[in-house]
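# Reading the structure
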Amino acid sequence: MTKLLAIETTGLRGSVACAERGKLLTSELLRSDQRSAQSLIPAIESILKSRGWVPADLDGIAVAVGPGSFTGLRVGVTTAKVLAWACGAALYGIDSLEAAAWTIAAALPAFLRNAPENPVYAEVLKRGAAFVSVALSAQRGDVASRGFLIRLGENRPIPRDESFRLEPLTDWIGRRSESAGPDGPLPLLYAGPPLASKRFKAIPAPDTAFLPEPFGTPSADGVALAASAASPADPFTLLPIYSRDSAAEEKRKMAK
């Protein structure tokens, strides 16, 4: 694709980004004092204007489809579908956790070379790879998590789970990677907003480490990067992936 618009609205504060021929050009956060339903379209107009683009110039539109919260996902996915249909652009639905993994893969080598001394970081540099577990908050003390193999120098993360797991925060941190290299288990790195939760009190095990913010935070940058390896989706069938049923849905199932 030549010109791509990326949309991410799964987190507390969404973002948009522009890429051209697979190269990220610029990104912009949505306003923090407005809901995404109010701020998304003005942000899209602003970022396209900054590049001198108009919607008709777009060849592709990529959007984070979850797992994530209800309202934000619906706003982002619906906007992307309408724009893709109206502009005749290809539509790409990107897993939010995979998008986060793409940004980690791109930034991890430089971070490790300049990070404070840490035996786990040193082992990742030595082995040239790590297993990275990324998680997003799923509310009520739970997280939606997914594992990826990341090889330093390769920008494309390799998913090790077919889909996300919904699990308690403590189980996410307590579960050891099953990923192993030729010389034994790879170092395990955790990333994502749940690490900054007030409920989070865990200490990493000797062969694990917690990546600092903003590692693991979903962004339109990651959506744009992941779209470079994605296949187009059907605008009429693409749906959001929610991290869990709504409270009303859960109560209805329990009543049956």
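The structure reproduced in this document is the subject of the present report. If you're wondering where the values come from, they're calculated on a predicted model, not measured in any experiment. (Residues numbered from 1 in each chain as written. Predicted model: local features only at pLDDT ≥ 70, side-chain atom pairs only at ≥ 80, totals over all residues. Heavy atoms only, no water.)

## Observations regarding the side chain of Ser145
Secondary-structure assignment places Ser145 in strand β7 (residues 142-151). According to the relative accessible area criterion, Ser145 is buried, its value standing at 1%. Of note is the side chain of Ser145, whose polar atom sits 2.6 Å from the side chain of Glu167. (Helix = DSSP H or I, 4+ residues; strand = E, 2+ residues; numbered from the N terminus. Buried < 20%, exposed > 50% of the residue type's maximum accessible area, 1.4 Å probe, protein only. Polar contact = N/O pair within 3.5 Å; in protein donor to acceptor, adjacent residues only side chain to side chain.)

## Quick look at the pattern of salt bridges
Two side chains with opposite charge may pair up if their charged atoms get near one another. The full count for this structure, using the stated rule, is seven salt bridges. The residue Arg21 makes a salt bridge to Glu20 at a minimum N-O spacing of 3.5 Å. With a closest N to O distance of 2.7 Å, Arg31 and Asp33 form a salt bridge. Its relative accessible area of 47% is what places Arg31 among the partly exposed residues. (Salt bridge = Lys/Arg side-chain N within 4 Å of Asp/Glu carboxyl O.)

## Some points on the pairing of strand β1 (residues 3-8)
With respect to burial, β1 is a largely interior element, six of its six residues being buried. As paired elements, β1 and strand β2 (residues 15-20) share six bridges and run antiparallel to each other. When the bridges of β2 are listed, Ala6 appears paired with Ala17. Following β1, the chain reverses through six residues before pairing antiparallel with β2. (Pairing = 2+ DSSP bridges.)

## As for the nonpolar core
Of all hydrophobic cores here, the largest spans 24 residues; its most connected members are Leu5, Ile7, Val16, Leu40, Ile44, Ile61 and Val63. Secondary-structure elements contributing two or more residues to this core are β1, β2, α1 (36-51), β4 (60-66) and α2 (70-87). Sorting elements by how many residues they give to this core places α2 first, with six residues. (Core = buried A, V, L, I, M, F, W, Y, C linked by side-chain atoms within 4.5 Å.)

## Digging into the side chain of Ser133
Within the element layout of this structure, Ser133 appears in strand β6 (residues 129-137). Among the polar contacts listed, one links the side chain of Ser133 to the side chain of Trp172, at a separation of 2.7 Å. Contacts of Ser133, omitting those with residues within four sequence positions, involve Ser145, Arg146, Gly147, Trp172, Leu188, Leu189, Tyr190 and Ala191. (Contact = heavy atoms within 4.5 Å.)

## Remarks on unusual backbone geometry
For residues that are not glycine, phi is negative in most cases, and the peptide bond is trans in most cases. Cis geometry is adopted by the peptide bond preceding Pro67, which originates at Gly66 and carries an omega value of 10°. Here the phi dihedral of Arg21 falls at roughly 50°; this positive angle occurs in a residue that is not glycine. Mapped onto the secondary structure, Arg21 falls in the loop between β2 and β3 (23-29). Even without being glycine, Gln139 reaches a positive phi, approximately 70°. For Gln139, the position within the fold is in the loop between β6 and β7.

## What about the sheet that holds β2?
Whenever strands of a sheet pair, they do so through backbone hydrogen bonds, lying parallel or antiparallel. The sheet built from five strands is open, its strands ordered β3-β2-β1-β4-β5 with mixed pairing. Of all the strands in the sheet, just β3 and β5 (90-95) have a single pairing partner and so form its edges. Recorded for the sheet is a direction-independent mean angle of 20° between the axes of neighbouring strands. With four bridges connecting them, β1 and β4 associate as parallel partners. (Axes fitted to C-alpha atoms, helices over the stretch in contact; angles between N-to-C directions.)

## Structural notes on the packing of aromatic side chains
Applying the stated rule across the entire model yields five aromatic pairs. Taking 5.4 Å as the distance between ring centres and 80° as the angle between the ring planes, the aromatic pair formed by Phe111 and Tyr121 counts as edge-to-face. Placement of the pair is Phe111 in helix α3 (residues 96-114) and Tyr121 in helix α4 (residues 119-127), with a sequence separation of 10 residues. Centroid distance Trp172 to Tyr190: 5.2 Å. Interplanar angle 85°. Geometry classified as edge-to-face. Of the two residues, Trp172 is situated in helix α5 (residues 169-174) and Tyr190 in strand β12 (residues 188-191); the sequence distance between them amounts to 18 residues. Each member of the pair, Trp172 together with Tyr190, is buried. (Phe/Tyr/Trp six-rings, centres within 6.5 Å; stacked < 30°, edge-to-face > 60°.)

## Structural notes on helix α6 (residues 220-227)
Of all eight residues in α6, six are buried, a share of seventy percent or more. Taken together, the buried positions of α6 are occupied by Ala220, Gly222, Val223, Ala224, Ala226 and Ala227. Residues of α6 that are buried make contact with β1, β2, β3, β4, β5 and α3.

## Concerning the pairing of β6
Among the nine residues that make up β6, eight are buried, leaving the element largely enclosed by the rest of the structure. With nine bridges connecting them, β6 and β7 associate as antiparallel partners. If you follow Ala135 over to β7, its bridge partner there is Ser145. Joining the antiparallel neighbours β6 and β7 is a turn of four residues, in which Gln139 adopts a positive phi near 70°. Of the pairings in the sheet, the one linking β6 to β12 comprises four bridges and is parallel in character.

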